[in-house]
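What follows is the residue order along each chain.
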Amino acid sequence: MILQQRFNKILLSLVVSFSLSATAYLQSKVQSFLTPADSFNSKRAWLAGSFGAVTYTGFSFGLYNAWYKKSKLTSFHFFNDFGEWNHLDKVAHSYNSYIQASNSFDGARWCGYSEKNALVWAGTISFLFQSTLEFMDGLSPDYGFSWADMSFNLLGSGMFAGQQLLWHDQKLKLKISAFPKSYPTQQIIGDLGTQISIKDRVKDLYGENYFSQFLKDYNAQTFWLSFNPRLLYPKLTSKWPLFLNLAIGYGSDGLYGGFKNEWITNGERFQLHSISRVHQYYLSLDLDLKKIRTKYNWLNTALGILNIIKIPAPTIEFNSRGHIKGHWLFF
């Protein structure tokens, strides 16, 4: 019995030692894998290129299914949509372009490209993704190729490149927050007498599932400019935490049509002018997760990925109705 107990203790000790050694080995491998290369690494470049190709394919397929699948494509055409959606879609274009440039830059640096070459890759990939969207818009009967969209795409990627060239850092970050909204069952009567509910209009306009609404529901989205107060007031250098930012946000509510709450479905005109289209401006706190550094590269990478999203925080709202609201936790 005593020998059996000693054997069990020895076996347990060996298992624990092996587990700790294996964990340490895996951590070192992950740490090494996620660390940016000191010089160009062709294997990483092929891996990043393959990942980028798969991502682009998935992006194009998902975009088509979310926005264009229900409509028959037409010949390529242009459309001036500058005044649509309270300009929220233009902010979204800048945000998407900025994030794509940022991710592409980090990927290129991971492959060992110089900062200059990484910026070239970042701009190229961001332009490819965004111009694909615009090309699909140009073939859609509901939209059209928009020079305004392309301008805001360039503004977003240019904002990233400009900061990188000036500061070698992103002191002004673009972020997003979105939370599903509940809509009333109020009925809308068309010119020909057909009745639909606001919920029906929302489903047709923004989709039914959370993923589709996250991408499309302008009533649920808020876009943020997040920065550290030290940027405006350097004397705070020794007092204000590097990871704690201020955030200025912009959102809208009451958007059920592009230019106004009026639309045509199956040849019938519907109007919802009883609901006003509201501009919303926010002031809040935010976390710059990239400034929270740990000894684990995998965790730093995860924090960097999550840094595109504004964290929930107490928020003050100013809107075009002249109201000021306080939110204990806004997302």
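Keep in mind that what you see is a predicted model, and the values were worked out from it rather than measured.

(A) View of the pairing of strand E7 (residues 268-271). Across the two faces of E7 the burial differs, with Glu 268 and Phe 270 buried and Arg 269 and Gln 271 not buried at all. Judged from the 4 bridges that link them, strand E6 (residues 262-265) and E7 form a sheet pairing that is antiparallel. In the sheet register, Trp 263 faces E7, and the bridge partner there is Phe 270. Turn length for the E6-E7 hairpin, with the two strands adjacent in sequence and antiparallel, is 2 residues, and the turn residue Asn 266 shows positive phi of about 55 degrees.

(B) Spatial organisation of helix H5 (residues 147-167). When the terminal C-alpha atoms of H5 are compared, their 30 Å separation across 21 residues agrees well with the 30 Å that a helix rising 1.5 Å per residue should span. Buried residues of H5: Ala 148, Asp 149, Met 150, Asn 153, Gly 156, Ser 157, Phe 160, Gln 163 and Gln 164, and no others. The inward-facing, buried residues of H5 contact helix H3 (88-110), helix H4 (115-139) and strand E1 (172-178). The backbone nitrogen of Ala 148 lies 3.3 Å from a side-chain oxygen of the residue at the head of H5, namely Ser 146. Note on H5: the residue one or two positions beyond its end, His 168, has a positive phi of about 55 degrees.

(C) Structural view of the nonpolar core. Core analysis: the largest hydrophobic core is formed by 30 residues, its most contacted members being Ile 188, Ile 198, Tyr 206, Tyr 256 and Trp 263. Among the elements of the structure, H3, H4, E1 and helix H6 (198-206) are those that each provide at least two residues to this core. The dominant element in this core, judged by the number of residues it contributes, is H3, at 8 residues.

(D) Region of the structure containing the confidence of the model for the chain. Scored by pLDDT, the chain comes out at a mean of 84, with 89% of its residues at no less than 70. Of the regions scoring below 50 in pLDDT, residues 2-29 engages in 1 contact with residues more than four places distant in sequence or in other chains.

(E) Representation of the side chain of Gln 163 in the model. Looking at where Gln 163 falls in the secondary structure, it is placed in helix H5. At a separation of 3.1 Å, a polar atom in the side chain of Gln 163 contacts the side chain of Gln 170. Polar side-chain contacts of Gln 163 include one of 2.6 Å to the backbone nitrogen of Leu 172. Excluding residues that lie within four positions of it along the chain, Gln 163 makes contacts with Tyr 98, His 168, Asp 169, Gln 170, Lys 171 and Leu 172.

(F) Expanded view of the sheet that holds E1. Across the sheet, which stays open at both edges, the 6 strands sit in the order E1-E4-E5-E8-E9-E10 with antiparallel pairing between neighbours. Bordering the open sheet on either side are E1 and strand E10 (324-330), each of which pairs with just one other strand. Strand-to-strand twist of the sheet, defined as the mean angle between neighbouring strand axes without regard to direction, takes the value 25 degrees. As paired strands, strand E4 (residues 221-227) and strand E5 (residues 244-253) are joined by 6 bridges and run antiparallel to one another. Each residue of the ladder has a partner; that of Phe 227, found in E5, is Leu 246. Together, E1, E4 and E5 form the strand contacts of H3, whose direction differs from that of E1 by roughly 120 degrees.

What counts, and where the lines are drawn
- Residues numbered from 1 in each chain as written.
- Predicted model: local features only at pLDDT ≥ 70, side-chain atom pairs only at ≥ 80, totals over all residues.
- Heavy atoms only, no water.
- Buried < 20%, exposed > 50% of the residue type's maximum accessible area, 1.4 Å probe, protein only.
- Helix = DSSP H or I, 4+ residues; strand = E, 2+ residues; numbered from the N terminus.
- Pairing = 2+ DSSP bridges.
- Expected span 1.5 Å × (residues − 1).
- Contact = heavy atoms within 4.5 Å.
- Polar contact = N/O pair within 3.5 Å; in protein donor to acceptor, adjacent residues only side chain to side chain.
- Core = buried A, V, L, I, M, F, W, Y, C linked by side-chain atoms within 4.5 Å.
- pLDDT = per-residue confidence, 0-100.
- Axes fitted to C-alpha atoms, helices over the stretch in contact; angles between N-to-C directions.

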